[in-house]
Amino acid sequence: MNSCVLTGRLVADPELRTTPSGLSVCRFRIAVDRPYQKSGEDRKADFIDVVAWRSNADFVTKYFRKGSMIAVQGSLQTNNYEDKNGNKRTSYEIVADRTEFCGSKAESGTGSSSGNAAPAAYSNSTADDFSSVVDDDDLPF
């Protein structure tokens with residue numbers, strides 16, 4: 001199973017781009033605090049690259065800014081490539097399936113004075129992904 005759940009702060013404003021075929025894509029980086037701290041040292045953080053697609057990308061670029069807390073659920077993806085010096089490299093990123101707000105409205109800057117409430121989360125899955133069970137006899141157990 002390839003599943004990651006992270007909570008952190010955006011280190012820069014997310015930037016929305018569009019592929020040649022018209023799909024929205026957003027790449028951003030989040031700082032995730034490590035759960036432990038050595039005595040006498042500052043707490044350390046890991047910087048994780050995340051990519052969101054389609055409506056999820058639109059959601060992130062509309063409601064999140066540098067410093068905003070965000071929760072990301074997705075899968076880890078590795079990419080192998082060769083740098084300009086001919087060295088083989090590997091990069092890692094989270095492909096976001098779901099993104100959510102974390103923290104207070106004031107902290108995330110998502111409060112709206114126009115009365116339009118921001119959605120609490122966005123997920124790429126839809127209700128059509130699962131068929132409803134009509135009868136208990138349909139259950140496999």
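Residues numbered from 1 in each chain as written. Predicted model: local features only at pLDDT ≥ 70, side-chain atom pairs only at ≥ 80, totals over all residues. Heavy atoms only, no water.

Focus: the overall build of the protein chain
Reasoning step 1: Check the secondary structure of the protein chain and you find two helices and seven strands.
Reasoning step 2: In the protein chain, the order of α-helices and β-strands from amino to carboxyl end is β-β-β-β-α-β-β-α-β.
Reasoning step 3: With 141 residues in all, the protein chain has 28% of them scored as buried.
Reasoning step 4: A sequence separation of at least 24 residues applies to 57% of the contacts in the protein chain between residues at least 6 apart. (Helix = DSSP H or I, 4+ residues; strand = E, 2+ residues; numbered from the N terminus. Buried < 20%, exposed > 50% of the residue type's maximum accessible area, 1.4 Å probe, protein only. Contact = heavy atoms within 4.5 Å.)

Some details on the nonpolar core
Reasoning step 1: With 19 residues, the main nonpolar core has F28, I30, V50, V60, F64, I70 and V72 as its most contacted residues.
Reasoning step 2: Of all the elements in the fold, those that place two or more residues in this core are β1 (4-10), β3 (24-33), β4 (45-53), α1 (54-63), β5 (69-82) and β6 (88-101).
Reasoning step 3: For I30, the residues in contact, after removing those within four places along its chain, are L6, G8, R9, L10, V11, D46, F47, I48, V50, I70 and V72. (Core = buried A, V, L, I, M, F, W, Y, C linked by side-chain atoms within 4.5 Å.)

With respect to the environment of D33
Reasoning step 1: Position of D33 among the secondary structure elements: in strand β3.
Reasoning step 2: Accessibility expressed as a relative area gives 53% for D33, which makes it exposed.
Reasoning step 3: As for D33 and R9, which are separated by 24 residues in sequence, their C-alpha atoms are 9.2 Å apart.
Reasoning step 4: Not counting the four nearest positions on each side in its chain, D33 is found in contact with R43, K44 and A45.

Some thoughts on the pairing of strand β2 (residues 15-18)
Where a strand is regular, its side chains alternate between the two sheet faces.
Reasoning step 1: The sheet contact formed by β2 and β3 spans four bridges and is antiparallel. In the strand pairing of β3, R17 is matched with V25. (Pairing = 2+ DSSP bridges.)

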